[in-house]
Amino acid sequence: MHNSQKLRGAIGLAKKAGKCIAGDFAVTKALKDGRKLLVVLDSGVSEATRQRYSLLCARKGISLLEIPDVGLAIGKPGCKIAAVEDKRFEQLIIDAAAKNSLE
């Protein structure tokens, strides 16, 4: 299994476990509510969206990760943003992303 498949698999597993929220409105609300998250942004989003989430996450001290095909990983093909609300899944995803960047 390639590292990119492991990365998408880890995000999908978080979604199946109910530890992942998806969509612009839900993620923005969670950030503004101060919930501790790992925000996962699709690498195909517009520059304006990328900047908006970069600023929001930086202000809140939240990790932001960019990967291709976020929607496919969580079973919602049109979705461009998700957030993981569990420390163990967050670490699993960050580790998979680090290995993916070494490919």
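Our structure is the block above this text.
First, a word on scope: everything that follows refers to the structure included in this document. Small disclaimer: the values here were computed from a predicted structure and weren't measured. (Residues numbered from 1 in each chain as written. Predicted model: local features only at pLDDT ≥ 70, side-chain atom pairs only at ≥ 80, totals over all residues. Heavy atoms only, no water.)

Notes on the side chain of Arg50
How we decide: In this description a helix means any DSSP run of H or I spanning at least four residues, a strand means any run of E spanning at least two, and both kinds are numbered starting from the N terminus. Any N or O atom pair separated by 3.5 Å or less is treated as a polar contact, with the protein-specific requirement of one donor-capable and one acceptor-capable atom, and with residues adjacent in sequence counted only for side-chain atom pairs. The contact rule is simple, with two residues in contact once any of their heavy atoms fall within 4.5 Å.
With respect to the helices, strands and loops of the structure, Arg50 is situated in helix α3 (residues 47-60). One polar contact links Arg50 to Glu47, side chain to side chain, over a distance of 3.0 Å. Excluding residues that lie within four positions of it along the chain, Arg50 makes contacts with Leu41, Ser43, Val45 and Glu66.

Thoughts on the packing of helix α2 (residues 24-32) against α3
To keep it simple, the criterion reads: Interaxial angles span 0 to 180 degrees and are taken between N-to-C directions of axes, which are lines fitted to C-alpha atoms, for helices over the stretch in contact. Here the word oblique covers every angle except those under 35 degrees (roughly parallel), over 145 (roughly antiparallel) and from 65 to 115 (roughly perpendicular). Crossing handedness is read from the near helix: turned anticlockwise from the far helix by less than a right angle, it gives a left-handed crossing, and turned clockwise, a right-handed one. Residue polarity follows a fixed list, in which Ala, Val, Leu, Ile, Met, Phe, Trp, Tyr, Cys and Pro are nonpolar, Asp, Glu, Lys and Arg are charged, and the others, Gly among them, are polar.
Where α2 meets α3, the axes come as close as 10 Å, and the angle between the chain directions of the two elements is 25 degrees. The orientation of α2 relative to α3 falls into the category roughly parallel. Pair α2 / α3 crosses with left-handed handedness. Note on element contacts: α3 touches α2 through Arg52, Tyr53, Leu56, Cys57 and Lys60, opposite Asp24, Val27, Thr28, Leu31 and Lys32. Grouping the amino acids of the contact of α2 with α3 by side-chain chemistry returns 5 nonpolar, 1 polar and 4 charged.

None of the figures reported here should be taken as evidence of function without further support.
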